[in-house]
Amino acid sequence: MITIKELPDENLFTAGHTACPGCGVAMSIRNAIRVLGKDTSVYVPASCAVVFGTTFPYGAWKVPFFHTAFENTGACITGMQAAFEKKGKKVTAVGFAGDGGTYDIGLQSMSGAAERNEDVIYICLDNEAYMNTGIQRSGGTPFGAWTTTTPVGTKVQGNRRFKKNLGEIVAAHEIPYYATLSIGHPLDFIRKVEKAKNIKGFRFLHMFTPCIPGWKMDPAKTVEVTKRAVESGMWTLYEVENGEKKITFKPGKMKSVRDYLMMQGRFRHMSDEDIKKLQMWVCKKWNLHYKEKGAPEVCEIVPPEEHHAVTEEHREMHGP
Amino acid sequence: MFEVRFHGRGGQGAVMAAEALAEAAVIEGNYAVAFPFFGAERRGAPVLAFTRIDSKKIYSKTQVYSPDCVVVLDDSLLDTIDVVAGLKPGGSVVINSRDKPEDIDLGISVKTAVVDATSVALEILKAPITNTAILGAFARATGVIKLESLEEAIKRRFGEKLGEKVAERNSLAARTAYGRTVIGTSKGIKKLESKKQWLPKYQELPAGGSLIEGKTEAGLIGPGSFIENKVSGWATFRPLRDREKCTMCLLCWFYCPEGTIVRISDRGDLMTNYDYCKGCGVCANECPVDAIKMVRARA
Ligand SMILES: Cc1ncc(C[n+]2csc(CCOP(=O)(O)OP(=O)(O)O)c2C)c(N)n1
Ligand code: SF4
Ligand code: SF4
Ligand code: SF4
Ligand SMILES: [Mg+2]
């Protein structure tokens, strides 16, 4: 295993890029490529990362870089890898797509590549909304979050749907490797990228990447907020290797989801009732992942009657 | 017609300032328009916004190329941008700066008003958002709008979006800055070379826009060339590391999103290159032994 000290000095994603101060995407990209190394070729679809990492004729990437459209990361890295194989080059094609580009618009292309078990690495930079175009909701946006398309009004307050379980969808393709990562857990992060690098077949790295304006938070807290996400159960660090799931880091004591929410302006409007709903969702997830009930003072609250995914709006539209 | 060009950085609220100014003009019975220049800019990157004010209807839809007044929300922009480009004769400049007008070199000698809007904002709003403070200085320097109309406009604009309390504080920021504004004349010594751009003929453009590492008259292009882009001006604060306290755990080096904390392995040391530090504060927040302090970037 590599430790922080053993990482190479060289920046393969150079300074001078134009991400917002404190950007969790930039932080994750820099360290991922640091571990993946020079023999990597990168594809980035439409997203923040394509804009702040490359503005013609400038680029931050010091490895070959390719960009076409938004929805085709799976197809593009497939093609790149095929070309390298044909030319006899030992290069890994790696796609860095956003959550919009993975949960929603790029899902079919990713699914195709996963189904064919292409020998590539797919990285999802999950900042939980379409940030590049000014913060619209995606399938990765959590319950309650404000975005410009899930505004906070008198009737409806923020996103009404729960974050889609992308991990299950990806793992259901029975690929060699799926893992969730957090930049606030460096050793786990490095180990997983390193592991993915050395496996053959379709590898999926799901990175939790805070966004400063999108989450309305202090830029200094990027790392802190990812730690809080893991401690509260909003984000779980695990991996699925050839169908076998393993938790890679379990927080000592479950923290209440409120602690996590209150660090971010996008959640600050949430009513006690909505926070409770989200807490129940987290507790259920905690139970599924860790095979144990969450902390008693956090999780032993009376659950609301309805199933977690059925909200009032849903009822209004579809009946009970 | 009175035309204003705002130079700011993403997140400083230049667009909101342009809008509030237009609203103040409308309150006084004039016509006004305000709009931003849209680019791919993130927080901290240079941005433009414009306001036009007239007693008649305004049909002009272009950017403002020859302003009557230029408003600069961040004086670090003066190092890289020719803010007075196209300024009308007799025009004026309003700058957020701690310097006196006489000490500011704009390349031409013009009427210049300064106010330390960042300090006003930090004092009153507890955040370095200088857009309302600088409008106070604008009102004082140009007399184009009255302070009362400006305060009314700020209350309307901000009240709607952010609530009464925030609106009230922003209005106070404008009033405070109005009082602290110093008016004088700038120096006109430096020659600001317009930033060289790589402008290849279409025959020289590589197929598909694909670039290899290269150097042109305008500097590096292609892979890794973003180091041409110095971003220190984005920072309000910057980190100072106490070598005595530092245990070389390397967490700051790992986390820095810019990669501007450089590790010099053979000397077992770290060095922060401020050219690329945006002052996010992550390094200071994460240092386990509190060896890093954030200080104001331009003292
Ligand atoms: C087909 C298509 N639809 C819409 C867009 C506009 N667009 C560009 S980037 C983007 C948002 C990307 O969101 P995400 O994938 O989550 O990445 P982020 O910017 O959040 O990192 C959108 C909608 C596009 N480029 N192509
Ligand atoms: S908007 Fe968010 S994801 Fe995009 S550069 Fe800024 S912090 Fe990073
Ligand atoms: S303040 Fe941010 S950009 Fe500057 S050195 Fe620290 S982590 Fe890097
Ligand atoms: S995080 Fe603190 S202790 Fe660790 S290397 Fe940086 S300054 Fe030194
Ligand atoms: Mg996104």
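The shown structure was predicted, so the numbers you read here are calculated from the model rather than taken from an experiment.

A look at the sheet that holds strand β1 (residues 40–43) of chain A
Residue and element names in this part refer to chain A.
Turning to step 1, where the next piece is worked out: The strand order β4-β1-β5-β6-β8-β7-β9-β10 describes an open sheet built from eight strands, whose pairing is mixed. Either end of the sheet is taken by a strand with one partner, and the two such strands are β4 (65–66) and β10 (244–249).
Turning to step 2, where the next piece is worked out: Sheet analysis places strand β7 (residues 177–182) next to strand β8 (residues 203–208), joined by six bridges and oriented parallel. Note that in β8 the partner of L181 across the bridge is M207.
Turning to step 3, where the next piece is worked out: Contacting β9 (237–241) and β10, helix α11 (residues 272–290) crosses the sheet at an angle of about 110° to β10.

What to know about the site of ligand 1
Residue and element names in this part refer to chain A.
Turning to step 1, where the next piece is worked out: Around ligand 1 sit 15 residues in total, of which C48, D99, G100, G101 and M131 are the nearest.
Turning to step 2, where the next piece is worked out: In this structure, G100 approaches ligand 1 through a main-chain N or O atom, which is 2.8 Å from an oxygen atom.
Turning to step 3, where the next piece is worked out: N127 places a side-chain nitrogen or oxygen 3.0 Å from an oxygen atom of ligand 1.
Turning to step 4, where the next piece is worked out: Relative to its unbound accessible area of 580 Å², ligand 1 is 73% covered by the protein chains.

Description of the coordination of the magnesium ion (ligand 5)
All names here are of chain A.
Turning to step 1, where the next piece is worked out: Here the magnesium ion (ligand 5) is held by the protein donor atoms D99 (OD), N127 (OD1) and A129 (O), which lie 2.0 to 2.1 Å from it.
Turning to step 2, where the next piece is worked out: Every donor residue of the magnesium ion (ligand 5) comes from the same chain, spaced as D-x27-N-x1-A. You can see D99 sitting in the loop between β5 (92–98) and α4 (100–104) and its partner N127 sitting in the loop between β6 (121–126) and α6 (166–171), a full 28 residues away along the chain. One exposure class covers both D99 and N127, and it is buried.

Details of the site of ligand 4
Turning to step 1, where the next piece is worked out: Around ligand 4 lies a shell formed by R241, C246, T247, M248, C249, L250, C252, L270, C287, P288, V289 and I292 of chain B.
Turning to step 2, where the next piece is worked out: Among the residues forming the shell around ligand 4, the class breakdown is ten nonpolar, one polar and one charged.

Comments concerning the pattern of salt bridges
Turning to step 1, where the next piece is worked out: One pass over the structure, following the stated rule, counts 36 salt bridges over all chains.
Turning to step 2, where the next piece is worked out: As a salt-bridge pair, K88 of chain B and D68 of chain B come within 3.0 Å of each other at their nearest N and O atoms. Placement of K88 of chain B in the loop between β4 (69–72) and β5 (92–96) and of D68 of chain B in the loop between β3 (46–54) and β4 is noted, with a sequence separation of 20 residues between them.
Turning to step 3, where the next piece is worked out: For K88 of chain B, a relative accessible area of 26% corresponds to the partly exposed category.
Turning to step 4, where the next piece is worked out: For D68 of chain B, a relative accessible area of 14% puts it in the buried group.
Turning to step 5, where the next piece is worked out: Salt bridges here are not isolated pairs; linked through shared partners, they connect R191, K195, E239, E241 and K246 of chain A.

Considering the interface of chain B and chain A
Turning to step 1, where the next piece is worked out: Between chain B and chain A, the residue contacts involve 40 residues of the former and 49 residues of the latter.
Turning to step 2, where the next piece is worked out: Taken together, the two surfaces of chain B and chain A that pack against each other cover about 3600 Å², and 59% of this comes from carbon and sulfur.
Turning to step 3, where the next piece is worked out: The three residues of chain B that bury the most area against chain A are R42, F226 and F254 of chain B, which together make up 24% of that side's buried surface.
Turning to step 4, where the next piece is worked out: On the surface where chain B and chain A come into contact, there are 24 residue pairs in polar contact (both at pLDDT 80 or more).
Turning to step 5, where the next piece is worked out: Put simply, the parts of the chain that give the side of chain B that touches chain A at least two residues each are β9 (219–221), α6 (251–255) and α7 (282–286) of chain B.
Turning to step 6, where the next piece is worked out: In terms of residue count, the dominant contributor to the side of chain B that touches chain A is α6 of chain B (four residues).
Turning to step 7, where the next piece is worked out: Tallied by class, residues from the side of chain B that touches chain A come to 23 nonpolar, nine polar and eight charged.

Definitions and limits used
Residues numbered from 1 in each chain as written. Chains lettered and ligands numbered in written order. Predicted model: local features only at pLDDT ≥ 70, side-chain atom pairs only at ≥ 80, totals over all residues. Heavy atoms only, no water. Pairing = 2+ DSSP bridges. Helix = DSSP H or I, 4+ residues; strand = E, 2+ residues; numbered from the N terminus. Contact = heavy atoms within 4.5 Å. Axes fitted to C-alpha atoms, helices over the stretch in contact; angles between N-to-C directions. Near = heavy atom within 4 Å. Polar contact = N/O pair within 3.5 Å; in protein donor to acceptor, adjacent residues only side chain to side chain. Areas by Shrake-Rupley, 256 points an atom, 1.4 Å probe, with all protein chains shown as cover. Donors = N, O, S within 2.8 Å, 3.2 Å for Na, K, Ca; no water. Buried < 20%, exposed > 50% of the residue type's maximum accessible area, 1.4 Å probe, protein only. Nonpolar A, V, L, I, M, F, W, Y, C, P; charged D, E, K, R; others polar. Salt bridge = Lys/Arg side-chain N within 4 Å of Asp/Glu carboxyl O. Buried area = accessible area lost by both parts, 1.4 Å probe.

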